[in-house]
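# Close look at the chain arrangement
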4 protein chains.
Amino acid sequence: MSGSTLRYGDKVVIVTGGSKGIGRGIVKVFVENGAKVVFCARGVAAGQALEAELNRAGPGSCKFVPCDISKEEDIKGAIIAMTKAMAVDESRYQVRVNCISPGNVMTPLWEELAGQTADTLATIKEGENAQLLGRMGTEAESGLAALYLAADATFCTGIDLLLSGGAELNYGYKSQVP
Amino acid sequence: MSGSTLRYGDKVVIVTGGSKGIGRGIVKVFVENGAKVVFCARGVAAGQALEAELNRAGPGSCKFVPCDISKEEDIKGAIIAMTKAMAVDESRYQVRVNCISPGNVMTPLWEELAGQTADTLATIKEGENAQLLGRMGTEAESGLAALYLAADATFCTGIDLLLSGGAELNYGYKSQVP
Amino acid sequence: MSGSTLRYGDKVVIVTGGSKGIGRGIVKVFVENGAKVVFCARGVAAGQALEAELNRAGPGSCKFVPCDISKEEDIKGAIIAMTKAMAVDESRYQVRVNCISPGNVMTPLWEELAGQTADTLATIKEGENAQLLGRMGTEAESGLAALYLAADATFCTGIDLLLSGGAELNYGYKSQVP
Amino acid sequence: MSGSTLRYGDKVVIVTGGSKGIGRGIVKVFVENGAKVVFCARGVAAGQALEAELNRAGPGSCKFVPCDISKEEDIKGAIIAMTKAMAVDESRYQVRVNCISPGNVMTPLWEELAGQTADTLATIKEGENAQLLGRMGTEAESGLAALYLAADATFCTGIDLLLSGGAELNYGYKSQVP
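Here is a short report on the structure shown in this document. (Residues numbered from 1 in each chain as written. Chains lettered and ligands numbered in written order. Predicted model: local features only at pLDDT ≥ 70, side-chain atom pairs only at ≥ 80, totals over all residues. Heavy atoms only, no water.)

## A word on the sheet that holds strand β2 (residues 36-41) of chain C
Residue and element names in this part refer to chain C.
- Strand order across the open sheet formed by 3 strands is β1-β2-β3, with parallel pairing between neighbours. This sheet does not close on itself; its edge strands, each paired only once, are β1 (12-16) and β3 (61-66). If you compare each strand with its neighbour and ignore which way they point, the axes differ by 20 degrees on average.
- As judged from the 6 bridges shared by β2 and β3, these two strands associate in the parallel manner. Bridge assignment links A41 to a residue of β3, and that residue is P66.
- Packed onto the sheet, helix α2 (residues 44-57) meets β2 and β3 and runs at close to 170 degrees relative to β3. (Pairing = 2+ DSSP bridges. Helix = DSSP H or I, 4+ residues; strand = E, 2+ residues; numbered from the N terminus. Axes fitted to C-alpha atoms, helices over the stretch in contact; angles between N-to-C directions. Contact = heavy atoms within 4.5 Å.)

## Some remarks on a nonpolar patch on the surface
Residue and element names in this part refer to chain A.
- Together, V12, I14, V38 and V65 line one region of the surface with nonpolar side chains, adding up to about 360 Å² of accessible area.
- You can see V12 is positioned in strand β1 (residues 12-16).
- Judged by its relative accessible area of 60%, V12 is exposed. (Patch = residues over 30% accessible without salt bridge, like charges linked within 9 Å, V, L, I, M, F, W, Y side chains within 5 Å. Areas by Shrake-Rupley, 256 points an atom, 1.4 Å probe, with all protein chains shown as cover. Salt bridge = Lys/Arg side-chain N within 4 Å of Asp/Glu carboxyl O. Buried < 20%, exposed > 50% of the residue type's maximum accessible area, 1.4 Å probe, protein only.)

## Re the relation of the copies chain A and chain B
- Note on the copies: chain A fits chain B at an RMSD of 0.0 Å, the axial shift is 0.0 Å, and the rotation between them is 180 degrees. Given the turn and translation reported, the copies of this chain are related as if by a two-fold rotation axis.
- Looking at chain A, 100% of its interface residues are interface residues in chain B too, so the copies touch through the same face. (Least-squares fit on C-alpha atoms with pLDDT ≥ 70 in both.)

## Re the interface of chain C and chain D
- Between chain C and chain D, the contact holds 40 residues from the first and 41 residues from the second.
- Of the charged contacts in the structure, one is a salt bridge between R7 of chain D and D152 of chain C, with a shortest N-O distance of 3.1 Å.
- Counting across the interface, chain C meets chain D through 10 residue pairs in polar contact (both at pLDDT 80 or more).
- Among the secondary structure elements, those contributing two or more residues to the side of chain C that touches chain D are α4 (79-90), α7 (139-152) and β5 (160-163) of chain C. (Polar contact = N/O pair within 3.5 Å; in protein donor to acceptor, adjacent residues only side chain to side chain.)

## Regarding the packing of aromatic side chains
Residue and element names in this part refer to chain B.
- Evaluation of the coordinates by the stated rule reveals 10 aromatic pairs over all chains.
- Measuring from ring centre to ring centre gives 5.2 Å for Y8 and F30, while their planes differ by 75 degrees; the resulting arrangement is edge-to-face. Placement of Y8 in the segment before β1 (12-16) and of F30 in helix α1 (residues 21-32) is noted, with a sequence separation of 22 residues between them. (Phe/Tyr/Trp six-rings, centres within 6.5 Å; stacked < 30°, edge-to-face > 60°.)

## Some words on the relation of the copies chain C and chain D
- Note on the identical chains: chain C maps onto chain D by a rotation of 180 degrees and an axial translation of 0.0 Å, with an RMSD of 0.0 Å.
- When you check the interface residues of chain C against chain D, 100% turn up at the interface there too, and the contact is symmetric in its surfaces.

## Describing the side chain of T83 of chain C
Residue and element names in this part refer to chain C.
- Along the chain, the position of T83 falls in helix α4.
- Within the local environment of T83, its side chain forms a polar contact with the backbone oxygen of I79, the two atoms lying 2.7 Å apart.
- The contact partners of T83, leaving out residues within four places of it in the chain, are V97, N98, C99, G158 and I159.

## Remarks on the packing of helix α1 (residues 21-32) of chain D against helix α7 (residues 139-152) of chain D
All names here are of chain D.
- For the pair α1 and α7, the least separation of the axes is 7 Å and the interaxial angle reads 60 degrees. The pairing of α1 with α7 is recorded here as oblique in orientation. Judged by the twist between their axes, the crossing of α1 over α7 is right-handed. For the pair α1 and α7, contact is made by G21, I22, R24, G25, I26, V29 and F30 and by E139, A140, S142, G143, L144, A146, L147 and A150, respectively.
- Residue composition of the contact of α1 with α7, grouped by class: 9 nonpolar, 4 polar and 2 charged. (Parallel < 35°, antiparallel > 145°, perpendicular 65-115°, else oblique. Left-handed = near helix turned anticlockwise from the far one by under 90°. Nonpolar A, V, L, I, M, F, W, Y, C, P; charged D, E, K, R; others polar.)

Pasting the structure below:
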């Protein structure tokens, strides 16, 4: 294994919901590492724009397919349990199943929701301060986590990779009591 | 970020206990990815041999320093707690602290212990069957996990990366009752 | 707090799916500890029989209501995530939300499924051997876990109480590879 | 099993470090539930006073033995790992091993440390606000958790009972970056 070759050269990747945010970060990192990526999302214009941009940059390639996976997203709470169950079921075919638990990652959705609050900048600052590291995660960091799981984590199955900047450690102001 | 550059080029890494097993896997992967590695271990001959071998291969380089860190190893049980505590303390300096929990990884120590049992091959087979994936982990997989944490997991701190082939999932024969 | 008083005297408890198995264990333990339990299940005969039996024994009381909550059960995989989310949301009302992750607990459903295998006794033995403790859990142990969470765990919210006899610890035969 | 009997009647319990704080909470709850408790601590006066007080109240009894277990406390970070390892080792003797991870519990040590800060009341308020539940845990809640593990959690081994008021859930101000 050498660090100077493409980490996912010519392998095929499917990403659902990949036109923006974490999904976009994943599509981008895989294309940068040589993969052939098929990604789908509801937003046709955003999807086509990303497809064109990434295919220009290479070295991998990608293809956008419009689709609506919003119902799938609704059950996100079940993903860790589903990952473990599928890891057991699929291991007989040598298929690994892992997931990522992202904390505060700066995405268009995050920005949009912050924009709907009374003080957008204060909301963003609060989001940044929720992590030990004092900042939010990036789309690229999400993509690199997915690339690790796909390309290098060949002895990992059923794990949940925590991508949270240490937000669950130490004490902070948490009281919900009025 | 491009997949065709060295993932840890010219960065400095210190590995304690790196002349064999998981430590060796870590030293090797970092040198292959361009790092300057200082590693220490008790075994002088093994350390010097690994140093020579890896420096020939490059593209990074390494330096072996004889040392005895066996006491440090004895407290391995505390590593997850120590990792979380250090992640909190060091985050103010933008230093991340993470750890890896390896399950059955085939190392010289594992082989040596298996060789001391009544039926070496049966012991190794049992070790392999303890994972959903039906095999043990490798030194290289350990190294790649460490490389991910060091090079790409820039939004992870205080996490424990489970490298176990799914050994903790599903049911198996566990009864200890005679 | 004194050990000689009823642990849940006159408090109201609602149990969904309580006519057999783990639900029955929970209904029983709460009635034994003085609670007023409303429980529902699909099986009318079993529900009424349990209602009569427990009301005779006391010191608490119970009321059975026929209902079908099977859809609710289908999403069991999401329970830990839902528990944590609800713990956050409800804490402002001083309401705690916790869950139990039962491993192999001997229930009518377990027995029924074992009866459908080629060798019922071997299947049951296998189920028992999956735990460090060499046996399955009981309905009563499930009930006592729920009683602890309800009556005594007043500083716990969002936790997942693992009731598994140590099945997830140590190594066992897990390989799924043919 | 009936709720109106003593939950740990005539059983023997050993508590190290039991003259104040969480240890005192554990000693007290066990004596209240009928146990015969031997507890040790460095502080002779505090230990003897607690011994006398609890023996007056009953219904169980306790005996104080002066001892210094401070070294043991230093390795507290290793307790979860040690608990799991001991759970595996001791299960062959049908011995269960579990632990409690207490978060902010109001103890004499907590009060003492708060008293050394510039603004004692603000420090205590901050400690209370670190939990979803908006308050600290109590010694009695610690004792009840230990009683559950000892008396009722007969199908639990190797578990870590989280007693934290939800401090690890949701986001709070955590940034350590200056």
